[in-house]
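Residue-level listing of the chains:
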Amino acid sequence: MDCICFEPQWPADELLMKYQYISDFFIALAYFSIPLELIYFVKKSAVFPYRWVLVQFGAFIVLCGATHLINLWTFDVYTPTVAIVMTTAKVLTAAVSCATALMLVHIIPDLLSVKTRELFLKNKAAELDREMGIIRTQEETGRHVRMLTHEIRSTLNRHTILKTTLVELGRTLGLEECALWMPTRSGLELQLSYTLHQQNPVGFTVPIQSPVINQVFSTDRAVKISPNSPVARLRPASGKFILGEVVAVRVPLLHLNNFQIYDWPELSTKRYALMVLMLPSDSARQWHVHELELVEVVADQVAVALSHAAILEESMRARDLLMEQNVALDHARREAETAVRARNSFLAVMNHEMRTPMHSIIALSSLLQETDLTPEQRLMVETILKSSNLLATLINGVLDLSRLEDGSLELDSATFNLHFLFKEVLNLIKPVASVKRLYVTSSLSSDLPEYAVGDEKRLMQIILNIVGNAVKFTNEGSISISAIIAKPDSLRDPRAPDFFPLPGDNNFYMRVQVKDTGIGISQQDTPKLFTKFAESQSTASRNPSGSGLGLAICKRFVNLMEGNIWIESEGVGKGSTAIFYVKLEYPARLNESRLPHMRLQPKLGQTSFPGVKVLVVDDNGVSRTATRGLLVHLGCDVTVVSSGEECLQVITKDHKVVIMDVSLPGTESYNAARLVHDRFPKRHEKPLIITLTSNTDRSAKENLLRVGVDAVVVKPVSVEKMRTALSELLEHKKDVQ
């Protein structure tokens, strides 16, 4: 069989050479196109950090391409020049290839780190997006909280607060139901008080010790609870396949006082209400973190709003109570002021009405005493005088006590002779003590100043009262009076812890002690001694005379003088000792100008005043007669009138003295005294004006002295009292002229 053979168009070697030739051409073309693309990339890129690497890589590509291009001439017989060029190109390509390979060792880690940074930035961007989402959620939650807080705090009515809370939470969170359980009065159960969709849910209670309630009350966070728990079974279950999630949160009940809703406790401390919130049923919705935070914040805001409402209610109740108390106090104050005015008016009237007849009794009795009387008659007259003086002392004591209690009594401080005061007390007491054959002594320390500044009248009243009591309750033995300047270390007394004496450079404390050998005082009766209208049993049984006012008034006078007083006794039948401290001042100067008010002893020959013309002005006939009798007995030429107008008509410059009775009603006496004083402009023609008054008030005396009165004599007035007043004034006028 013959075989037909075809010879190939190109030999196999030539064909391979052709393919290589074509491949080298396209490889060279590709190599030359890549640098152009790299140049374009470098030109367009402004941030690429490895431009020189691209240039080097481009050179490598160009050399590779040049090698393949030169290789096209090697398929035929080529010249040595081509071989040299080919060799040079391959050497350069090898050098650039090695340099590029070495450079990639350093570039690849950088490129990998750039990739890592890129991933890091992507992660950070994702995290930032999540945080922004959280922030947006928090802002949304905050907006809801502010809205709810505004709605909750828009009222301070507790019922409105609770109802608004449920409504706003239900609207904001899209709740199916929301309920509030409050503790009952016993605190053992929670009662359903408010719900979102039921109007008046009452009577449904659950034990407060149930596990689910203890779980919620043990934390301040919102807690997810079972939809089937007792506090969450508030929705009808018909047609519902899946119940929505339920959370519960506690609501602190702060400062609840008389704060009741239905059966709330009057006082709730460390107690909580329970708020239950339910998502819609048959839905896949779940509670999110920001929603739970919203519920917790709202629960706290409700607690604060409830506390504010409770405080407001308490303050309103306190305000109402305070208003009632203020009304009652104002009413009591008006009644007290009315009572004080009535008492003062009564005392003033009684003082005037009692002193006026007492003045007549004492004046006429003293006149009668100086006449020739039989012993029996003299005894009766002396008894009348003693009884009258006792009654006058009682009147003075009642008035002084009244003024001490209402604070209107003030001390009248002036410079006086302290030593002479004790001598006068001794002279007044000795005649009374001699009747009972008692021995009375007085002892003054050598450092006791002769003159002092204080209320001489009140100090004498204190000493006379204490010494008088000693004489009254002592039947035999002696009475001693001593006075010294108290040392600073002896002023403090454990019996008077509230007594804080403060001696200074210009004052001193005088300690006066009156000791007797009388009937003594029992220990149980000692605290009663300074109580008004009270006497000890022992003294009252043995000597029932006295009003029980003396020591009470003495204590108040001593307190006014910044001092202290007490009485010591070892028992009944063992005598007693009265001790008191009073604060006095040292006089600035001891000259005559500083002692204008000191009592002067009348001269022995000045017992009557013959020829002295006296005008008596008194609207009371009996009192006018008694005063006239005193003056006539003293030798005066007396003219009497019954009113101020008659006084102005009758008075002449021959009248040396005008004695004017100051009646309580009206100001006629003040006007008459001022007109009499103004009628005679020349000093030597002015008559001396003496007023007889029942008012012992200091301001009344100052008002009389201000209108021109020269002396004020308090009723009742005896012969000796009138003689002393006239003697002092006439002697003083003679010295001035």
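Residues numbered from 1 in each chain as written. Predicted model: local features only at pLDDT ≥ 70, side-chain atom pairs only at ≥ 80, totals over all residues. Heavy atoms only, no water.

**Quick word on the pairing of strand 13 (residues 507-516)**
Under the convention used in this document: The rule is simple: take the accessible area with a 1.4 Å probe, protein chains only, and divide by the maximum for that residue type; under 20% is buried, over 50% is exposed, in between is partly exposed. By the criteria applied, helices consist of DSSP H or I runs no shorter than four residues and strands consist of E runs no shorter than two, each listed in order from the N terminus. Any two strands between which DSSP finds at least two bridges are classified as paired.
Extensive coverage of strand 13 is indicated by the burial of 8 of its 10 residues. Bridge count between strand 12 (residues 478-485) and strand 13: 7 bridges; the pairing is antiparallel. Its bridge partner lying in strand 13, isoleucine 484 is registered against arginine 511. For strand 13 and strand 15 (residues 576-585), the ladder comprises 10 bridges, and the chain directions are antiparallel. Note on strand 15: the bridge partner recorded for lysine 515 is threonine 577.

**Brief notes about the environment of arginine 158**
Looking at the secondary structure, you find arginine 158 in helix 4 (residues 158-173). Assessed through its relative accessible area of 12%, arginine 158 is described here as buried. With 150 residues separating them along the chain, arginine 158 and histidine 308 place their C-alpha atoms 9.2 Å apart.

**Topic: the UniProt feature "binding site: ADP" (unreviewed entry) in the chain**
The criterion, for reference: UniProt positions are given in the numbering used here, feature names are shortened, and annotations may be inferred rather than shown by experiment.
UniProt's feature table lists "binding site: ADP" (unreviewed entry) at Asn469, Ala470, Val471, Lys472, Asp516, Lys532, Ser547 and Leu551, given in the numbering used throughout. As for its placement among the helices and strands, lysine 472 is situated in helix 9 (residues 456-472). Taking the relative accessible area as the measure of exposure, lysine 472 reaches 23% and is therefore partly exposed.

**Side note on helix 8 (residues 418-435)**
To be explicit about the condition: Expected span, for any helix, means 1.5 Å times one less than how many residues it has. Two axes enter the definition of the bend at a residue: one is fitted to the seven residues ending there, the other to the seven starting there, and the bend is the angle between them. N or O atoms within 3.5 Å of each other form a polar contact, as long as, within protein, one can give a hydrogen and the other can take it, and as long as residues adjacent in sequence are counted only when both atoms are side-chain atoms.
For helix 8, built from 18 residues, the straight-helix expectation of 26 Å at 1.5 Å per residue is met to within 8% by its first-to-last C-alpha distance of 27 Å. When the local axis directions of helix 8 are compared, the greatest deviation, roughly 30°, occurs at isoleucine 429, which is followed within four positions by the proline proline 431. Taken together, the buried positions of helix 8 are Leu418, Phe420, Leu421, Phe422, Glu424, Val425, Leu426, Ile429 and Ala433. Regarding helix 8, its N-cap is asparagine 417, as a side-chain oxygen of that residue lies 3.1 Å from the backbone nitrogen of histidine 419 further along. At the C-terminal side of helix 8, arginine 437 shows a positive phi close to 60°.

**What to know about the nonpolar core**
In plain terms, the rule: We call a set of buried Ala, Val, Leu, Ile, Met, Phe, Trp, Tyr and Cys residues a nonpolar core when their side-chain atoms join them within 4.5 Å. Throughout, a residue-residue contact means that at least one pair of heavy atoms, one from each residue, lies within 4.5 Å.
With 43 residues, the main nonpolar core has Leu418, Phe422, Leu459, Met510 and Phe580 as its most contacted residues. Sorting the residues of this core by element identifies helix 8, helix 9, strand 12, strand 13, helix 11 (550-560), strand 14 (564-568) and strand 15 as the ones contributing at least two each. In terms of residue count, helix 9 provides more of this core than any other element does, 8 residues in total. The residues touching phenylalanine 422, leaving out its near neighbours within four places in the chain, are Ser442, Leu444, Ile463, Ile481, Ala483, Met510 and Val512. One finds Leu162, Cys178, Trp287 and Val302 within the second-largest nonpolar core, a separate group that totals 31 residues.

**Some details on the sheet that holds strand 17 (residues 637-641)**
The line we're drawing: The axes used here are C-alpha line fits, helices contributing only the stretch in contact, and every angle between their N-to-C directions lies in the interval 0 to 180 degrees.
Strand order in the open sheet formed by 5 strands is 17-16-18-19-20, and the pairing between neighbours is parallel. Both outer strands of the open sheet, strand 17 and strand 20 (711-714), are each paired with one neighbouring strand and no more. Averaged over all adjacent pairs, the angle separating strand axes in this sheet is 20°, with direction ignored. For strand 19 (residues 688-693) and strand 20, the ladder comprises 4 bridges, and the chain directions are parallel. When the sheet's bridge partners are listed, isoleucine 690 is paired in strand 20 with alanine 711. Helix-sheet contacts for helix 12 (residues 621-633) involve strand 16 (613-617), strand 17, strand 18 (657-662) and strand 19, and the interaxial angle to strand 17 is about 170°.

**Digging into the packing of helix 9 against helix 11**
What counts is decided by this rule: Take the far helix as your reference; a near helix turned counterclockwise from it by less than a right angle gives a left-handed crossing, and one turned clockwise gives a right-handed crossing. Residue type decides the class: Asp, Glu, Lys and Arg count as charged, Ala, Val, Leu, Ile, Met, Phe, Trp, Tyr, Cys and Pro as nonpolar, and the leftover types, Gly among them, as polar.
At a minimum axis separation of 10 Å, helix 9 and helix 11 run at an interaxial angle of 145°. By crossing handedness, the relation of helix 9 to helix 11 is classed as left-handed. Facing Arg458, Gln461, Ile462, Asn465, Ile466 and Asn469 of helix 9, the residues of helix 11 in contact are Gly550, Leu551, Ile553, Cys554, Phe557 and Val558. Its residues assigned to classes, the contact of helix 9 with helix 11 shows 7 nonpolar, 4 polar and 1 charged.

**Some remarks on the packing of aromatic side chains**
Put simply, the rule is: Stacked, edge-to-face and tilted are the three classes for Phe, Tyr and Trp ring pairs, Trp counted by its six-membered ring, which pair at centre distances within 6.5 Å; planes under 30 degrees apart are stacked, over 60 edge-to-face, the rest tilted.
Throughout the structure, instances matching the rule amount to 4 aromatic pairs. Look at phenylalanine 508 and tyrosine 586: their rings are 4.8 Å apart centre to centre, the planes differ by 40°, and that puts the pair in the tilted class. Remark: tyrosine 586 occurs in the loop between strand 15 and strand 16 and phenylalanine 508 occurs in strand 13; sequence separation between them is 78 residues. Since its relative accessible area comes to 3%, phenylalanine 508 is described here as buried. Ring geometry for tryptophan 566 against tyrosine 581: centres 5.9 Å apart, planes inclined by 35°, an arrangement best described as tilted. Taken together, the positions of tryptophan 566 in strand 14 and tyrosine 581 in strand 15 put the pair 15 residues apart, joining distant regions of the chain. With a relative accessible area of 3%, tyrosine 581 lands in the buried category.

**As for helix 4**
At 3.6 residues per turn, the α-helix brings residues three or four places apart onto the same side. Helix length check: helix 4 (16 residues) gives 22 Å between terminal C-alpha atoms against 22 Å at 1.5 Å per residue, within 8%. Along helix 4, the residues that are buried comprise Arg158, Ile161, Leu162, Thr164, Thr165, Leu166, Glu168, Leu169, Gly170, Thr172 and Leu173. Positive backbone phi, approximately 65°, marks glycine 174, located one or two places after helix 4.

**Observations regarding unusual backbone geometry**
Residue proline 716 follows lysine 715 across a cis peptide bond; omega there is 0°. Counting through the fold element by element, proline 716 comes out in the loop between strand 20 and helix 16 (719-736). Phi angles above zero are rare outside glycine, and arginine 437 is one such case at about 60°. A residue is classified by how much of its surface remains accessible, and arginine 437, at 77% relative accessible area, is exposed. Notably, glutamate 562 is not glycine yet its phi reads approximately 60°, a positive angle. Looking at the element boundaries, glutamate 562 is found in the loop between helix 11 and strand 14.

**Here we look at the side chain of threonine 627**
Assignment of secondary structure puts threonine 627 in helix 12. In contact with threonine 627, not counting residues within four places along its chain, are His359, Val616, Ile659, Leu692 and Met722.

**Side note on the sheet that holds strand 2 (residues 189-195)**
Strand pairing in a sheet relies on backbone hydrogen bonds, with the paired strands running either antiparallel or parallel. The strand order across the open sheet formed by 6 strands is 3-2-1-8-5-4, and the pairing between neighbours is antiparallel. With partners counted over all chains shown, the strands left at the sheet margins are strand 3 (205-207) and strand 4 (223-225), one partner each. Strand-to-strand twist of the sheet, defined as the mean angle between neighbouring strand axes without regard to direction, takes the value 35°. Looking at chain direction, strand 1 (residues 177-183) and strand 8 (residues 271-278) are connected through 5 bridges and run antiparallel. Bridging from a neighbouring strand, cysteine 178 pairs with leucine 277 of strand 8. Docked against the sheet, helix 4 engages strand 1, strand 2 and strand 8, running at close to 70° with respect to strand 2.

**Let's talk about the UniProt feature "binding site: Cu cation" (unreviewed entry) in the chain**
UniProt records the feature "binding site: Cu cation" (unreviewed entry) for Cys64 and His68 in the present numbering. Secondary-structure assignment places cysteine 64 in helix 2 (residues 51-70). The residue histidine 68 is located in helix 2 in this model. A relative accessible area of 23% places histidine 68 in the partly exposed class.

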